[in-house]
Amino acid sequence: MDIIIVRYTPDGKMHTMSIHRKGIFRTLSILFILSLCLAVPSVEAQNENGVLVLTLDGPLTPAMTEYISRGIEIAEREGVQLVVIQLNTPGGSITIMQEIVAAIQNTSLPILVYVSPQGAIAGSAGTVITLAGHRSAMAPKTAIGAASPVGSGGEDLGETIKQKSEEIIKAQIRSLAKDRGEQAIQFAEETVESAKAATAQEALEVGLIDYVAADISDLLRQVDGSSWTIQGKTIRLSTKDVEPQYLNLSLIEELLQMLTDPNIVFLLIALGVQAILIELSSPGGWVSGFIGVICLALATYGLGILPVNWFGIVFLITAFLLFALDIKAPTHGALTAAGVASLIVSALVLFNSPGTPQFQRVSIWLVVTVSFLTGGLFAAIMAFAVQTRKTPIKAGPESLQGQIGFARTEISSHKPGQVQVGGERWSAKLAPDADPISTGQRIEVVDIEGIHLLVQSKG
């Protein structure tokens, strides 16, 4: 049975349209099923959906900001009921800290910052990130605090700048900890004013955190059934039997994270400059030059993030100039030895200047090892260059002197001819005072005169 739809146009004409009833029922059924599918995730997001765990381990870097933002976006898209940020950091840039805090505060999902595993710390900027979570927890034998601001290189700030920085961080802490009570706010401010720190149990007693949990499973058992009010919306968690899902760093994030390791940056600098020098010493190829440019570009990114003393670049350039000079004008290794010393000094000045935090310092053993290996490489190149200069020429006409061949034609003092030497045919003349040579006779090259070889009979 069909349904007839009648429609009148403005000029008074009537139009009819026939719709089969089965088609209507089919359409309504599809719409009803789609509405159910869209409605189910919103219910599961607060009851049955999973828990997403993000891991911040190490100094704060721009890659961590991207990772946290991406993780929160995925959690919102997938409808998880809780995001746990597992934190272990000595601190880092205030700018990066503020970006992570903003990402946490601007989501409607419950976010719990968990200082873990045992032995972990939420130092400096990590203290503020912990307070930024809608709730926070710590594992036993962890610590939080020491949030006094310092310079980008770890040095003490001037009195005026230090006071301004402290007041800004304290204001942010008061805002984040406003629901935790006066005791928690006072303690949090003391972490900035006097670099005060606390254990997990001490932080729990003053209300700085909400839970002390041995691991993620213990934490999820404790928060099971708790109600959270976020952006005016109350959410009740059901996490007792939920298996947490862990989000790994992407390939790009892992690469950017590696480039904030001073040891990796130093290796990239050493490799990049060596590759560039190899390309300059033997132009025409492209592989070594390409590798050098890529290594130096990646190292430049790391140098822009790390708190480095740029004066070290002067010693770095000096080191490789000395290496290059020793290749061009051998001095029996004196310049190479000076280059090794200059390379060691450059790394220590760049990364290990006074005031630089320990976690952002380069390994002295790595610097010494790489410097001596680099010096050894250039010493080997120098030795090869010296040996090459002493080796007789083995190509071109000059290399034919003293070689043996045979005459292709007769050769006399008045008549040049041709000879076969080294697999090639050459024009030849008789050497002074040499006897005439007949066809097929063995000859020896005595000298070269223009385009002719001067030859004599050989036996």
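Described below are features of the structure shown in this document. (Residues numbered from 1 in each chain as written. Predicted model: local features only at pLDDT ≥ 70, side-chain atom pairs only at ≥ 80, totals over all residues. Heavy atoms only, no water.)

A word on the packing of aromatic side chains
Here comes step 1: Going through the model one piece at a time under the given rule, you end up with one aromatic pair.
Here comes step 2: Its end group placed over the ring of tryptophan 228, arginine 135 keeps NZ or CZ at 4.6 Å from the ring centre. (Phe/Tyr/Trp six-rings, centres within 6.5 Å; stacked < 30°, edge-to-face > 60°. Lys NZ or Arg CZ within 6 Å of the ring centre and 35° of its normal.)

Describing the sheet that holds strand β8 (residues 143-145)
Sheet strands pair via backbone hydrogen bonds, and the direction of the pair is either parallel or antiparallel.
Here comes step 1: The strand order across the open sheet formed by three strands is β6-β8-β9, and the pairing between neighbours is mixed. Here the strands that pair on one side only, and so sit at the sheet edges, are β6 (121-123) and β9 (197-199). When the angles between neighbouring strand axes are averaged without regard to direction, this sheet yields 15°.
Here comes step 2: When β6 meets β8, the two strands line up parallel, connected through three bridges. Bridge pairing in β8 links isoleucine 121 to alanine 143. (Pairing = 2+ DSSP bridges. Helix = DSSP H or I, 4+ residues; strand = E, 2+ residues; numbered from the N terminus. Axes fitted to C-alpha atoms, helices over the stretch in contact; angles between N-to-C directions.)

With respect to the pattern of salt bridges
Here comes step 1: Under the criterion given, the structure shown has nine salt bridges.
Here comes step 2: The closest approach of N and O atoms between glutamate 189 and arginine 174, which form a salt bridge, is 2.8 Å. With glutamate 189 in helix α6 (residues 182-193) and arginine 174 in helix α5 (residues 159-176), the pair connects residues that are 15 residues apart, well separated along the chain.
Here comes step 3: With a relative accessible area of 16%, glutamate 189 lands in the buried category.
Here comes step 4: Across the salt bridge formed by glutamate 190 and lysine 196, the nearest N and O atoms sit 3.1 Å from each other.
Here comes step 5: A residue is classified by how much of its surface remains accessible, and lysine 196, at 35% relative accessible area, is partly exposed.
Here comes step 6: Three or more residues joined by partner-sharing salt bridges are found here, namely Glu167, Lys170 and Glu193. (Salt bridge = Lys/Arg side-chain N within 4 Å of Asp/Glu carboxyl O. Buried < 20%, exposed > 50% of the residue type's maximum accessible area, 1.4 Å probe, protein only.)

Quick notes on the sheet that holds strand β4 (residues 82-88)
Here comes step 1: Taken in spatial order, the six strands line up as β10-β7-β5-β4-β3-β13 in an open sheet, and their pairing is parallel. Each having just a single partner strand, β10 (211-212) and β13 (245-246) make up the two edges of the open sheet.
Here comes step 2: Both β4 and strand β5 (residues 111-115) contribute to a ladder of five bridges, which runs parallel. What sits directly across from valine 83, in β5, is isoleucine 111.

Thoughts on unusual backbone geometry
Here comes step 1: The peptide bond linking serine 116 to proline 117 adopts the cis configuration, its omega dihedral lying at 0°.
Here comes step 2: Note that proline 117 resides in the loop between β5 and β6.
Here comes step 3: The phi torsion at serine 124 lies on the positive side, around 50°, for a residue other than glycine.
Here comes step 4: Tracing the chain through its elements places serine 124 in the loop between β6 and α4 (125-132).
Here comes step 5: Not every positive phi belongs to a glycine, and glutamine 231 is a case in point at roughly 50°.

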